[in-house]
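Take a look at the letters that make up each chain.
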Amino acid sequence: FEASVDPEGVELALPIIWGIDAVHGHANLTGAVVFPHNIGLGAANNPDLIEEIYKATARELRVSGHDWTFAPTLAVPQDDRWGRTYEG
């Protein structure tokens with residue numbers, strides 16, 4: 001990040017925006033917990049469990065220095081032919 005905003009030798013320094021895909025845990029972090037896909041969490045019908053999962057994921061993201069993730073998401077698949085409806 002520091003190098004991306006260093007104006008030395010460049011006309012315009014642009015900061016890097018770094019997002020991470022942690023929709024069911026921070027799988028890019030060694031030792032992190034990977035949780036079930038959204039369809040499995042929804043089937044559990046346990047909002048308290050889901051809250052604990054997103055708190056754990058948030059802690060793992062903070063530890064690794066990430067402050068932006070592509071989660072949580074709300075997806076309502078409209079066509080079963082899509083093949084990835086389990087992610088909704």
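Residues numbered from 1 in each chain as written. Predicted model: local features only at pLDDT ≥ 70, side-chain atom pairs only at ≥ 80, totals over all residues. Heavy atoms only, no water.

Caption draft 1: Examining the side chain of Thr57 more closely. For Thr57, the position within the fold is in helix α2 (residues 47–63). Owing to a relative accessible area of 7%, Thr57 belongs among the buried residues under this scheme. Those residues in contact with Thr57 that sit more than four places away from it in its chain are Ala22, Gly25, His26 and Phe35. (Helix = DSSP H or I, 4+ residues; strand = E, 2+ residues; numbered from the N terminus. Buried < 20%, exposed > 50% of the residue type's maximum accessible area, 1.4 Å probe, protein only. Contact = heavy atoms within 4.5 Å.)

Caption draft 2: View of α2. With 17 residues, α2 ought to run about 24 Å at 1.5 Å a step, and its terminal C-alpha atoms sit 25 Å apart, in line with that. Close packing links the buried residues of α2 with α1 (38–44). Just downstream of α2, Gly65 is the residue with a positive phi angle, here 90°. (Expected span 1.5 Å × (residues − 1).)

Caption draft 3: Representation of a nonpolar patch on the surface in the model. On the surface, Ile17, Val23, Trp68 and Phe70 cluster together into a nonpolar patch covering about 410 Å² of accessible area. Position of Ile17 relative to the elements: it lies in the segment before α1. Judged by relative accessible area, Ile17 falls into the exposed class, the value being 69%. (Patch = residues over 30% accessible without salt bridge, like charges linked within 9 Å, V, L, I, M, F, W, Y side chains within 5 Å. Areas by Shrake-Rupley, 256 points an atom, 1.4 Å probe, with all protein chains shown as cover. Salt bridge = Lys/Arg side-chain N within 4 Å of Asp/Glu carboxyl O.)

Caption draft 4: Looking closely at the packing of aromatic side chains. Within this structure, the stated rule accounts for one aromatic pair. An angle of 80° between the planes, with centres 5.2 Å apart, marks the rings of Trp68 and Phe70 as edge-to-face. (Phe/Tyr/Trp six-rings, centres within 6.5 Å; stacked < 30°, edge-to-face > 60°.)

Caption draft 5: Quick peek at unusual backbone geometry. Despite not being glycine, Asn45 shows a phi value in the positive range, around 50°. One can find Asn45 in the loop between α1 and α2. With a relative accessible area of 65%, Asn45 lands in the exposed category.

Caption draft 6: Structural detail: the pattern of salt bridges. Taken as a whole, this structure holds two salt bridges when the rule is applied. Between Glu51 and Lys55 there is a salt bridge whose closest N-O contact spans 3.3 Å. With Glu51 and Lys55 both in helix α2 and four residues apart, this pair spans about one turn of that helix. Residue classification places Glu51 among the partly exposed residues on the basis of a relative accessible area of 30%. Accessibility expressed as a relative area gives 34% for Lys55, which makes it partly exposed. Across the pair Asp79 and Arg81 runs a salt bridge whose closest N-O atoms are separated by 2.6 Å.

Scope: geometric values only; no functional claims are made or implied.
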